[in-house]
Amino acid sequence: MTYGAVTPAVLAELRGILGDKSVWTDEARLEAYAHDETSVEEYAHPPEVVVLPTTTDHVAAIVQLANHHHIPITPRGAGSGLSGGAIPVYGGILITLERMNRLIDLDLHNMTITVEAGMVTNDLAHTVAEHGLFFAGYPMSVETCQIGGNIAENAGGGKAIKYGVTGRYVMGLELVTPTGDVVSLGGKLAKDVSGYDLKQLVIGSEGTLGIVTQATIK
């Protein structure tokens, strides 16, 4: 398949969306985002540009721009995985969600937390632990990984045998689709069962069905 290139005109459009400081093209920064925890020598491939959105609207605008110019995009969390899901094998635009790390809602009554996808999983765990609660979806790279990446990979770690993997605790998602639309799937309700359970389809899809920007976690 032939993709479009990230031209100076495309870079100007990206800077118009995000500002100059959130669009990176220097070689050293691109190299850092060229791989996950797999072999750098065997699998690394640099993107043409790294962008750092801070809102869901930013992500949607970037995806729409990429669609318009037929440029490949790769969503990325912390790059702590071993499956190659965060490697931009076709170059193009790498969207890192690391700056989207805010706490949206901590609902102690319903025992849920809603966070942006870039929140470090360890920070989420510490936040709920301060209130006597426990996040059971414990991936192995909990100190560095981000909740959006955990959802994309349906990550699990040393506690998965007893408690299950990440997807078991995801109640709701905000998602940017491959066409740049923003959709909400699921929510806080335990009996949120109307229609297809698209949330479970997205979990573990490694960004191929959309980019998770927010999640409600049990």
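Bear in mind that the values here come from a model prediction, so they are computed numbers and not experimental data.

Thresholds applied
- Residues numbered from 1 in each chain as written.
- Predicted model: local features only at pLDDT ≥ 70, side-chain atom pairs only at ≥ 80, totals over all residues.
- Heavy atoms only, no water.
- Pairing = 2+ DSSP bridges.
- Helix = DSSP H or I, 4+ residues; strand = E, 2+ residues; numbered from the N terminus.
- Contact = heavy atoms within 4.5 Å.
- Axes fitted to C-alpha atoms, helices over the stretch in contact; angles between N-to-C directions.
- Salt bridge = Lys/Arg side-chain N within 4 Å of Asp/Glu carboxyl O.
- Buried < 20%, exposed > 50% of the residue type's maximum accessible area, 1.4 Å probe, protein only.

Draft legend 1. Structural detail: the sheet that holds strand β1 (residues 23–24). With respect to topology, 4 strands assemble into an open sheet ordered β1-β2-β4-β3, the strand pairing being mixed. Each edge of the open sheet carries a strand with a single partner, namely β1 and β3 (73–76). Where β3 and strand β4 (residues 93–96) come together, 4 bridges link them in parallel fashion. What sits directly across from R76, in β4, is T96. Of the strands in this sheet, β2 (49–51), β3 and β4 touch helix α4 (residues 56–69), which is tilted by about 170° from β4.

Draft legend 2. Summary view of the pairing of strand β5 (residues 103–107). Bridge count between β5 and strand β6 (residues 112–116): 4 bridges; the pairing is antiparallel. Bridge pairing in β6 links D105 to T114. In sequence, β5 turns back onto β6 through a hairpin of 4 residues, with M111 there showing a positive phi of about 55°.

Draft legend 3. Representation of the pattern of salt bridges. Counted by the stated rule, this structure contains 5 salt bridges. Of the charged contacts in the structure, one is a salt bridge between D26 and R29, with a shortest N-O distance of 3.8 Å. Given a relative accessible area of 35%, D26 falls into the partly exposed group. For R29, a relative accessible area of 37% gives the class partly exposed. Here K199 and D197 are joined by a salt bridge, their closest N and O atoms 3.9 Å apart. Residue D197 is classed as partly exposed on the basis of its relative accessible area, which comes to 46%.

Functional significance is not addressed by these values, which are geometric in nature.
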